[in-house]
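Here's the letter readout for the chains.
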Amino acid sequence: MTDLDYPSDLRYTSDHEWVRVGDDGVVRIGITSFAQDALGDVVYVSLPAVGDTVTPGDSCGEVESTKSVSDVYAPLEGEVTATNEALDASPELINSDPYGEGWMFEMRLADASAVDSLMDASAYTASLS
Amino acid sequence: MTTQTSGARAQLTSPLHDRHVALGAKMADFGGWDMPIEYPGGGVVAEHTAVRERVGIFDVSHLGKASVVGPGAADFVNACLTNDVRRIEPGSAQYTLCCDDSGGVVDDLIVYLKSDDDVFLIPNAANTAEVVRRLQAAAPEGITVTNLHHDFGVIAVQGTRSDEVLESLGLPTGHDYMSFVEADWQGHPVIVCRTGYTGERGYELVPRWDDAPALWDALVGAIEPFEGKPCGLGARDTLRTEMGYPLHGQDLSLDISPVQARAGWAVGWKKDTFWGKAALEAEKADPKRLMRGLLVTGRGIPRAHCAVSRDGESVGEVTSGTFSPTLKQGIALALLRPDVADGDTVSIDVRGRALEATVVKPPFVQVQVREG
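Model, not experiment: these values are computed from the prediction.

Student: Explanation requested: the overall build of chain B in the structure shown.
Tutor: Broken down by element type, chain B carries eight helices and 20 strands. Since a compact globule built from 372 residues should have a radius of gyration of about 21 Å, the 20 Å found for chain B is in line with a globular shape. Projected onto the principal axes, the alpha-carbon positions of chain B cover approximately 65 × 50 × 45 Å. For chain B, with 372 residues in total, the buried portion stands at 57%. Restricting the contact set of chain B to residue pairs at least 6 apart, pairs at least 24 apart contribute 67%. Put simply, chain B shows about 14,600 Å² of open surface, and 50% of that area lies on carbon and sulfur atoms.

Student: Explanation requested: the interface of chain A and chain B in the structure shown.
Tutor: Think of interface size as the accessible area that goes away when the parts come together; that is how it is often given. Contacts between chain A and chain B engage 25 residues on the former and 20 residues on the latter. Together, Asp41(A), Tyr44(A) and Thr66(A) form the three largest contributors to the area buried by chain A at its contact with chain B, with a combined 30%. On inspection of chain A and its partner chain B, the count reaches six salt bridges. Residues Asp37(A) and Lys26(B) are paired through a salt bridge, measuring 4.0 Å at the closest nitrogen-oxygen approach. Put simply, chain A and chain B have 11 residue pairs in polar contact (both at pLDDT 80 or more) between them. Counting residues per element, the ones that place at least two in the side of chain A that touches chain B are α1 (33-39), β4 (42-46), β6 (59-65) and β7 (69-73) of chain A. Classifying every residue of the side of chain A that touches chain B by side-chain character gives 10 nonpolar, six polar and nine charged.

Student: What exactly am I supposed to notice about the pattern of salt bridges here?
Tutor: Side chains that differ in sign of charge can pair as their charged atoms come close. A complete count under the given rule lists 31 salt bridges over all chains for this structure. Its salt-bridge partner being Asp9(A), residue Arg20(A) comes within 3.2 Å of it at the nearest N-O pair. Of the two residues, Arg20(A) sits in strand β2 (residues 17-21) while Asp9(A) sits in the segment before β1 (11-12), which places them 11 residues apart along the sequence. Owing to a relative accessible area of 27%, Arg20(A) belongs among the partly exposed residues under this scheme. Across the salt bridge formed by Glu38(B) and Lys67(A), the nearest N and O atoms sit 3.5 Å from each other. Here Lys67(A) lies in the loop between β6 and β7 and Glu38(B) lies in strand β3 (residues 33-38), a pairing that spans two chains. You can call Glu38(B) buried: its relative accessible area is 6%. When its relative accessible area of 32% is taken as the criterion, Lys67(A) is described as partly exposed. Members of the salt-bridge network, linked through shared partners, are Arg310(B), Glu313(B), Arg337(B), Asp339(B) and Asp344(B).

Student: Just to check I follow, could you spell out the nonpolar core for this structure?
Tutor: When a protein is soluble and globular, its nonpolar side chains tend to lie buried together. All names here are of chain B. Core analysis: the largest hydrophobic core is formed by 47 residues, its most contacted members being Leu97, Tyr112 and Ile122. Only β3, β6 (92-99), β7 (105-115), β8 (118-122), β12 (188-193), α7 (233-243) and β18 (329-336) provide two or more residues apiece to this core. Broken down by element, the residue count for this core peaks at four residues, all from β6. Ignoring anything within four residues of it in the chain, the contact list for Tyr112 reads Ser92, Ala93, Asp118, Val119, Phe120, Ile122, Phe180, Ile191, Cys193, Thr195 and Val206.

Student: Quick question: what am I supposed to make of the packing of aromatic side chains here?
Tutor: In this description, a pair of aromatic rings is defined by centroid distance and the angle of the planes. Under the definition given, this model contains 11 aromatic pairs over all chains. Taking the centre distance of 5.3 Å and the plane angle of 20° together, the rings of Tyr95(B) and Trp265(B) count as stacked. Of the two residues, Tyr95(B) sits in strand β6 while Trp265(B) sits in the loop between α7 and α8 (277-285), which places them 170 residues apart along the sequence. Classification of Trp265(B) by relative accessible area gives exposed; the value is 56%. Between the aromatic rings of Tyr112(B) and Phe180(B), the centroid separation amounts to 5.2 Å while the plane-to-plane angle is 50°, which identifies the pairing as tilted. Of this pair, Tyr112(B) sits in strand β7 while Phe180(B) sits in strand β11 (residues 180-185), and the two are 68 residues apart along the sequence. Taken together, the aromatic side chains of Tyr112(B), Phe120(B), Phe152(B) and Phe180(B) make up a single cluster linked through ring pairs. One residue, Arg20(A), lies across the ring of Trp18(A), its end atom 5.6 Å from the ring centre. The ring of Phe120(B) is capped by Lys114(B), whose NZ or CZ atom sits 5.3 Å from the centre of that ring.

Student: Help me out: how do you make sense of the pairing of β4(A) in this one?
Tutor: Both faces of the sheet carry side chains from a regular strand, because those side chains alternate between them. All names here are of chain A. Most of β4 sits inside the fold, with five of its five residues counted as buried. Where β4 and β6 come together, four bridges link them in antiparallel fashion. Of the residues in β6, the one forming a bridge with Tyr44 is Glu64.

Student: Just to check I follow, could you spell out the environment of Ala222(B) for this structure?
Tutor: All names here are of chain B. In this structure, Ala222 sits in helix α6 (residues 212-223). Residues Ala222 and Leu166, spaced 56 residues apart in sequence, show a C-alpha to C-alpha distance of 7.9 Å. Setting aside chain neighbours within four positions, we find Ala222 in contact with Val165, Ser168 and Leu169.

Student: In this structure, what is going on with the side chain of Glu204(B)? I would like to understand it.
Tutor: Residues and elements named next belong to chain B. If you trace the backbone, Glu204 turns up in strand β13 (residues 202-207). Here Glu204 sits buried without a salt bridge, and the closest side chain of opposite charge, Arg236, lies 4.3 Å off (N-O distance). Within the local environment of Glu204, its side chain forms a polar contact with the side chain of Thr195, the two groups lying 2.5 Å apart.

Student: What's the story with the sheet that holds strand β5 (residues 53-54) of chain A in this structure? I'm lost.
Tutor: Strand pairing in a sheet is mediated by backbone hydrogen bonds. Such pairs are either parallel or antiparallel. Residue and element names in this part refer to chain A. Judged by pairing direction, the sheet is antiparallel, and its six strands sit side by side in the order β1-β2-β3-β9-β8-β5 without closing on themselves. On the outer flanks of this sheet lie β1 and β5, each paired with one strand and no other. The sheet contact formed by strand β3 (residues 26-31) and strand β9 (residues 105-109) spans four bridges and is antiparallel. Across the sheet, residue Ile29 finds its bridge partner in β9, namely Phe105.

Student: Honestly, the sheet that holds β7(A) in this entry has me stumped. Any pointers?
Tutor: Residue and element names in this part refer to chain A. Pairing is antiparallel across the open sheet formed by three strands, whose spatial order is β4-β6-β7. Each edge of the sheet is formed by a strand with only one pairing partner; in this case those strands are β4 and β7. Put simply, the sheet's adjacent strands are angled 20° from each other on average, direction ignored. As defined by bridge partners, β6 adjoins β7 across five bridges and the pair is classed as antiparallel.

Here is what the cut-offs are and how they apply
- Residues numbered from 1 in each chain as written.
- Chains lettered and ligands numbered in written order.
- Predicted model: local features only at pLDDT ≥ 70, side-chain atom pairs only at ≥ 80, totals over all residues.
- Heavy atoms only, no water.
- Helix = DSSP H or I, 4+ residues; strand = E, 2+ residues; numbered from the N terminus.
- Rg over C-alpha atoms; globule rule 2.2 N^0.38 Å.
- Buried < 20%, exposed > 50% of the residue type's maximum accessible area, 1.4 Å probe, protein only.
- Contact = heavy atoms within 4.5 Å.
- Areas by Shrake-Rupley, 256 points an atom, 1.4 Å probe, with all protein chains shown as cover.
- Buried area = accessible area lost by both parts, 1.4 Å probe.
- Salt bridge = Lys/Arg side-chain N within 4 Å of Asp/Glu carboxyl O.
- Polar contact = N/O pair within 3.5 Å; in protein donor to acceptor, adjacent residues only side chain to side chain.
- Nonpolar A, V, L, I, M, F, W, Y, C, P; charged D, E, K, R; others polar.
- Core = buried A, V, L, I, M, F, W, Y, C linked by side-chain atoms within 4.5 Å.
- Phe/Tyr/Trp six-rings, centres within 6.5 Å; stacked < 30°, edge-to-face > 60°.
- Lys NZ or Arg CZ within 6 Å of the ring centre and 35° of its normal.
- Pairing = 2+ DSSP bridges.
- Lys, Arg positive; Asp, Glu negative; His and termini not counted.
- Axes fitted to C-alpha atoms, helices over the stretch in contact; angles between N-to-C directions.

If you want it as structure tokens, here you go:
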């Protein structure tokens, strides 16, 4: 577990997802290094549909590895604006680059300030120990 | 997302436990044993691929070991377990089943025929005590059944480069599929059996418990030139599922007979007696469900207990399902109504989503496990 990292410019949820704040209240979402390591080789990803309206805790997708499956939850309220279609053909991007090419979906937040309710990197790291 | 945490901690550990911990393996409970699921720097897919293309080593010391010794030991075993041990010669091993009187499977196991008076058994970890108990209860005067679970380790060396790995340790290779040699490694006895659970050419080594760590260390070094990998039980499961090999507790159980699992090839039907014979003969005439392979045609992975339907009608359920690293597709073993035939299209209910699959006859991949 020594090589897992948690970038300081991201926000985190207790469901082991990260949230990157972009422009105009749009955020990008993926799963953390801890989560992909716990899952093992990711072999299938299902994502929400663009246009879906979601609220925190809604199950809006699945990440499946060779050994288990986990739900993907909406971290905040908003509308899904994009999904990472590269994961269809290359789900292993979640393992190899969880904060970059392994991103999962983007959403426009109903309330841009809601991000502040999520954990920062130090709080998330502390929650893992 | 959520991550699962394991339940009760396993109490039992392999003689190689500290090796796995030092390698940073992810450990999990397996039949009451704390065993490696996967190692860092690879993961299930890389370990699986190493075995299919090169070589991998597995600690399977959780497997049971037991002996049946005494005059007529082989005949005694033959009157209990399903397969016909008279089909093999001393020096060979055989896949067989321990059934109860109703034909349910207490365990599937490997019998090593050392001589007419000396038989060695490798049952599954969780079932060893029960197999030994049943044999002990049935054993006549003069035949001793002993649980040797903690007397031996078991290390599987699997993959096309297995012979070269064993040769570099000075161990015997090239004997026939399912035969074994009682060898010596640096002054220590080790049984080298041409068996495995992956479908690849390979061997299972049975050293004494205390000799297992040194043998493992030597193997870790010996696989390096071939880019081999220590492999966890995660890869062992994807490898065996690609072959359609059953796992007791999922594809065989007290509720899933060898007739249903289509393991009738491991039943000596012509023998006078074996446990469960009458029930299995009766079931053979009219099985209610049969094991089939399912090759998923869409995107998704079937898992155990997913419901299977055909034309909207329920026809059975998945017993084992996984992602095939070789085919890059979901595959499954399923118990289906006997009128479902190879080539049929069925639908698997994966957490509410319909996943289309074709009924096929395993193995899902072509291998050369038996070739000389």
